[in-house]
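# Per-entry structural report
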Amino acid sequence: MSKVAVIMGSTSDLPVMQEAVDILKGFDIEVELDIVSAHRTPDKLFDYGKNAHTRGISVIIAGAGGAAHLPGMIASLSPLPVIGVPVKSSNSIDGWDSVLSILQMPGGVPVATVALNGAKNAGILAAQIIGSSDKCVLDKIVAYKEGLKMKVESGARELKNK
Ligand SMILES: Nc1c(C(=O)O)ncn1[C@@H]1O[C@H](COP(=O)(O)O)[C@@H](O)[C@H]1O
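Just so you know, these numbers come straight off a predicted model, no measurement behind them.

Each helix and strand counted, the chain has six helices and five strands in total. The order of helices and strands in the chain, counted from the N terminus, is β-α-β-α-β-α-β-α-β-α-α. Its C-alpha atoms give the chain a radius of gyration of 17 Å, near enough to 15 Å, the size a compact globule of 162 residues would have. C-alpha atoms of the chain, sized along the principal axes, occupy 60 × 40 × 30 Å. Taken over 162 residues, the chain has a buried fraction of 37%. Restricting to contacts in the chain with at least 6 residues of sequence separation, those with at least 24 account for 68%.

Once that is clear, we can look at the site of the ligand. Around the ligand sit 18 residues, and of these Gly9, Ser10, Ser12, Ala38 and Gly65 come closest. Tallied by class, residues from the shell around the ligand come to seven nonpolar, nine polar and two charged.

Now for the nonpolar core. In terms of nonpolar packing, the biggest core is built from 42 residues, with Ile60, Ile61, Ala62 and Ala126 touching the most fellow members. Of all elements in the fold, only β1 (3-8), α1 (14-26), α2 (42-51), β3 (57-65), α3 (70-77), β4 (82-87), α4 (96-103) and α5 (119-131) reach the threshold of two or more residues within this core. For this core, the element with the most residues is α5, which contributes six residues.

Moving on, we get to the UniProt feature "binding site: substrate" (unreviewed entry) in the chain. Within this numbering scheme, the UniProt entry marks Ser10, Asp13 and Arg40 as carrying the feature "binding site: substrate" (unreviewed entry). The topology assignment puts Ser10 in the loop between β1 and α1. With sequence-adjacent residues up to four places away left out, Ser10 is seen in contact with Ile35 and Ser37. Of note, Asp13 is situated in the loop between β1 and α1. Other than its neighbours up to four places away in sequence, Asp13 contacts Met8, Gly63, Ala64, Gly65 and Val87.

Whenever strands of a sheet pair, they do so through backbone hydrogen bonds, lying parallel or antiparallel. Strand order across the open sheet formed by five strands is β2-β1-β3-β4-β5, with parallel pairing between neighbours. Across the chains shown, the open sheet's two edge strands, defined by having one partner strand only, are β2 (30-35) and β5 (112-113). The strands touched by α5 within the sheet are β1, β3, β4 and β5, with β3 carrying the most contacts at an inclination of about 165°.

Each value, and the rule that gives it
Residue indices follow the written sequence of each chain, beginning from 1 at its first position. Only residues with pLDDT of at least 70 get local features here, since the model is predicted, and only at 80 or more are side-chain atom pairs given and counted; chain-wide, interface and lining totals rely on the full set of residues. Secondary structure is summarised from DSSP: a helix means a run of H or I of at least four residues, a strand means a run of E of at least two, and numbering begins at the N terminus for each. As a reference, a globule follows 2.2 Å times the number of residues to the power 0.38, and the radius of gyration itself is taken over C-alpha atoms. Backbone-placed C-beta atoms define the burial measure: a residue is buried with 20 or more other C-beta atoms within 10 Å of its own, exposed with 12 or fewer, and partly exposed in between. Whether two residues are in contact is decided by their C-beta atoms, placed from the backbone, lying within 7 Å. Contact assignment follows one rule, namely that a residue is near a molecule or strand if its backbone-placed C-beta atom lies within 6 Å of it. Charged residues are taken to be Asp, Glu, Lys and Arg, nonpolar residues to be Ala, Val, Leu, Ile, Met, Phe, Trp, Tyr, Cys and Pro, and polar residues to be all remaining types, Gly included. Buried Ala, Val, Leu, Ile, Met, Phe, Trp, Tyr and Cys residues whose C-beta atoms connect them within 7 Å together make up a nonpolar core. UniProt positions are given in the numbering used here, feature names are shortened, and annotations may be inferred rather than shown by experiment. If DSSP finds at least two bridges between two strands, the strands pair. Structural elements are reduced to axes, namely lines fitted to C-alpha atoms, with helices fitted over the stretch in contact, and the angle between N-to-C directions of any two is expressed from 0 to 180 degrees.

Next comes the structure, spelled out in structure tokens:
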């Protein structure tokens with residue numbers, strides 16, 4: 001069974017990153033949660049990036065704020081797809097520091113960057129990557145999208161009846 005790693009630079013990122021965990025669990029996808037910091041725990045970062053694929057992990061979601069080097073460094077070390085979540089941390093320059101650190105990767109080392117604090121979309125994207133080769137997960141994504149459509153339609157009906 002496929003597993004997604006959700007890692008972040010600090011426990012202070014957890015309120016944002018929890019949204020990725022919740023949506024993945026909603027798709028019945030196993031999650032490995034950890035704190036890894038390129039700046040504060042560089043040895044752990046190297047070990048994590050080099051070995052994640054050997055533990056049955058299929059996708060890595062990495063969230064960090066400020067000078068957010070974690071997603072890019074993990075992408076440099078791992079052969080797995082990495083989804084980066086820019087986190088608006090308390091000391092940030094309105095989140096732009098994190099967005100630009102994660103977004104502007106050099107050629108050859110992609111990080112699929114979602115919106116600021118966009119951990120929920122990171123979780124959905126990870127599920128879609130797994131779903132491209134796992135029919136069971138794909139069916140759950142189809143049902144999820146159907147739910148989104150029904151919600152909009154019921155909102156539109158309510159509006160018409162006002
Ligand atoms: N950007 C990074 C990295 C890294 O990129 O390795 N490690 C921690 N941090 C970020 O520092 C911010 C403040 O962290 P603290 O709240 O622990 O001071 C967090 O948003 C974290 O992701």
